[in-house]
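Structural description and commentary
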Amino acid sequence: MSDATALAAENLTKRFGGLTAVGGLNFSLRRGDLLSIIGPNGAGKTTLFNLLTGQHPPSDGRVIHEGRDISALAPEQRARLGLGRTFQISKTLTSMTALENVMIGAFLHRGKLAAAAEHAMHILDRVGLARRASVRAGTLTLSERRRLEIARALALDCSVLLLDEVMAGLNQREVDDVIGLVRQLHAEGLTVLVIEHNLKVVRAFENRVIVMDFGRMIADGTPDKVLSDPQVVEAYLGKKAE
Ligand SMILES: Nc1ncnc2c1ncn2[C@@H]1O[C@H](COP(=O)(O)OP(=O)(O)OP(=O)(O)O)[C@@H](O)[C@H]1O
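What you see as residue numbers is a count from 1 along each chain, following the sequence as written. Given that the model is predicted, a residue must reach a pLDDT of at least 70 before its local features are reported, and side-chain atom pairs must reach 80 or more before they are shown or counted; all residues, however, enter totals for whole chains, interfaces and linings. Values shown for side chains rest on all heavy atoms present in the structure; no hydrogens or waters enter the calculation.

Next up on the list: the pattern of salt bridges. Close approach of charged atoms allows side chains with opposite charge to pair. Every case where a carboxyl oxygen of Asp or Glu lies within 4 Å of a side-chain nitrogen of Lys or Arg is listed as a salt bridge. Following the criterion strictly, the structure yields 10 salt bridges and no others. Here R85 and D164 are joined by a salt bridge, their closest N and O atoms 4.0 Å apart. Residue R85 is located in strand β6 (residues 83–85), and its partner D164 is located in strand β7 (residues 160–164); the two are separated by 79 residues in the primary sequence. Residue classification places D164 among the buried positions, given a relative accessible area of 2%. Between R173 and D177 there is a salt bridge; the shortest N-O distance is 3.4 Å. Separated by four residues within a single helix, R173 and D177 lie in helix α6 (residues 172–187), roughly one turn from each other. On the basis of relative accessibility, which here comes to 34%, the residue D177 falls in the partly exposed class. Overlapping salt bridges, with partners in common, bring together E10, R62 and D69 in one network. Note on conventions: DSSP H or I runs of at least 4 residues are helices, E runs of at least 2 residues are strands, and numbering of each starts at the N terminus. Burial status follows relative accessibility: with a 1.4 Å probe on protein chains alone, a residue under 20% of its type maximum counts as buried, one over 50% as exposed, and anything between as partly exposed.

This is the structure:
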């Protein structure tokens, strides 16, 4: 795996009036890294994603992608550079089929309908949804919709994938399946950032974790190290880590 920096935050800050949702965050990811981001409700995790993918302009600091400052770029421009994401509130178009949902993104990049359909089908297969291609997205199960969200991000040929609580509401078997999918995408070379509340998932990934609290990073390291850090236990868990 190359050690080139895929994505970095430099003093990244977002203020909403008097509230600092993200305050002076610094981290750097190499291509092919997998990073979990945890923290209590309101810690600033989704705001961090919004800063990285351009939904929010930063109040201060910079977002660096492959060595280039992309802080002033719009979300679509960042998507074209390879930043793909899912949203906490699904953006799948429920009246369209799974295939059509993925084709929209594929079409943006390919510009020809037949090529977009072929690419979208390939992606549905990659996320395990090929058999559901012609089913309306609104009738998919929650777990399938999460896969579809991921497929929509992949359709934009992303090299960095940001997943915002894709496991929320899934049962254990479904969580295990999505963990498998994320591992597979990571093994294929994607750089992956995962916002996650389920600590079993964070442990399962066995990769770097950063912990946010009140917009700041309070810990950074392996799951074992981070989840036994007294500051994390107090701030995040409010009790002894499982
Ligand atoms: N557009 C906004 N305008 C004003 N305040 C906001 C906005 N977006 C987020 N906030 C505030 O910023 C803080 C961080 O919110 P954020 O959604 O990033 O937290 P989070 O860690 O993702 O929480 P959760 O785990 O509940 O999703 C919260 O206090 C939230 O109310």
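Looking now at the pairing of strand β1 (residues 5–16). For two strands to be treated as a pair, DSSP must find no fewer than two bridges joining them. Across eight bridges, β1 lies against strand β2 (residues 19–30) in antiparallel orientation. Looking across to β2, one finds that L12 is bridged to L25. Connecting β1 to the antiparallel partner β2 that follows it, the hairpin turn spans two residues, and G17 within it adopts a positive phi of roughly 60°.

Here we come to the domain arrangement of the protein. How far each domain reaches was decided by an automatic or database domain assignment. Domain annotation of the protein identifies domain 1 (1–82 + 160–167 + 178–242) and domain 2 (89–157). Any two residues whose heavy atoms approach within 4.5 Å are treated as being in contact. Across the contact, 14 residues belong to domain 1 and 11 residues belong to domain 2. Each of two parts loses accessible area, computed with a 1.4 Å probe, when they are put together; buried area is these two losses added. Interface of domain 1 and domain 2: buried area, both sides summed, is about 1,000 Å²; carbon and sulfur atoms make up 63% of it. Here domain 1 and domain 2 share one salt bridge between them. We note a salt bridge from R126 to E188, for which the minimum N-O separation is 2.9 Å. Whenever two N or O atoms come within 3.5 Å, that pair is a polar contact, provided that in protein one can donate a hydrogen and the other can accept it, and provided that, for residues adjacent in sequence, both atoms are side-chain atoms. Connecting domain 1 to domain 2 are three residue pairs in polar contact (both at pLDDT 80 or more). Each residue is assigned to one class: nonpolar for Ala, Val, Leu, Ile, Met, Phe, Trp, Tyr, Cys and Pro, charged for Asp, Glu, Lys and Arg, and polar for all the others, Gly among them. Taken together, the residues of the side of domain 1 that touches domain 2 break down into nine nonpolar, two polar and three charged.

So, about the packing of helix α3 (residues 98–110) against helix α5 (residues 142–154). In this analysis an axis means a line fitted to C-alpha atoms, helices contributing only their contacting stretch, and an angle means the value between N-to-C directions, from 0 to 180 degrees. Contact geometry of α3 with α5 gives a least axis separation of 7 Å together with a crossing angle of 25°. Comparing the axis directions of α3 and α5 gives the class roughly parallel. For the pair α3 and α5, the sense of crossing is right-handed. On α5, the residues touching A98, N101 and V102 of α3 are L148, A151 and R152. The residue makeup of the contact of α3 with α5, split by class, is four nonpolar, one polar and one charged. The scheme is simple: roughly parallel for angles under 35 degrees, roughly antiparallel for over 145, roughly perpendicular for 65 to 115, oblique for anything else. Rotating anticlockwise by less than a right angle from the far helix to the near helix defines a left-handed crossing, while the corresponding clockwise rotation defines a right-handed one.

We now examine the site of the ligand. Only heavy atoms are used to decide nearness, and a residue is near a molecule or strand if one of them lies within 4 Å of it. Contacts to the ligand come from 14 residues, most closely from G42, G44, K45, T46 and T47. Within the side chain of N41, one N or O atom sits 3.2 Å away from an oxygen atom of the ligand. A43 places a main-chain nitrogen or oxygen 3.1 Å from an oxygen atom of the ligand. Top element by residues in the shell around the ligand is helix α1 (residues 45–53). It accounts for three residues. For the shell around the ligand, the per-class residue count stands at five nonpolar, seven polar and two charged.

Strand order in this open sheet of six strands is β6-β7-β8-β3-β9-β10, and the pairing throughout is mixed. Edge strands, defined here as strands with exactly one partner in the open sheet, are β6 and β10 (216–221). Taking each pair of neighbouring strands and ignoring which way they run, the sheet shows an average axis angle of 20°. In the sheet, strand β3 (residues 34–38) pairs with strand β8 (residues 191–195) via four bridges, with the strands oriented parallel. Bridge pairing in β8 links I37 to I195. Taken strand by strand, α5 contacts β6 and β7, and its axis lies near 155° from that of β7.

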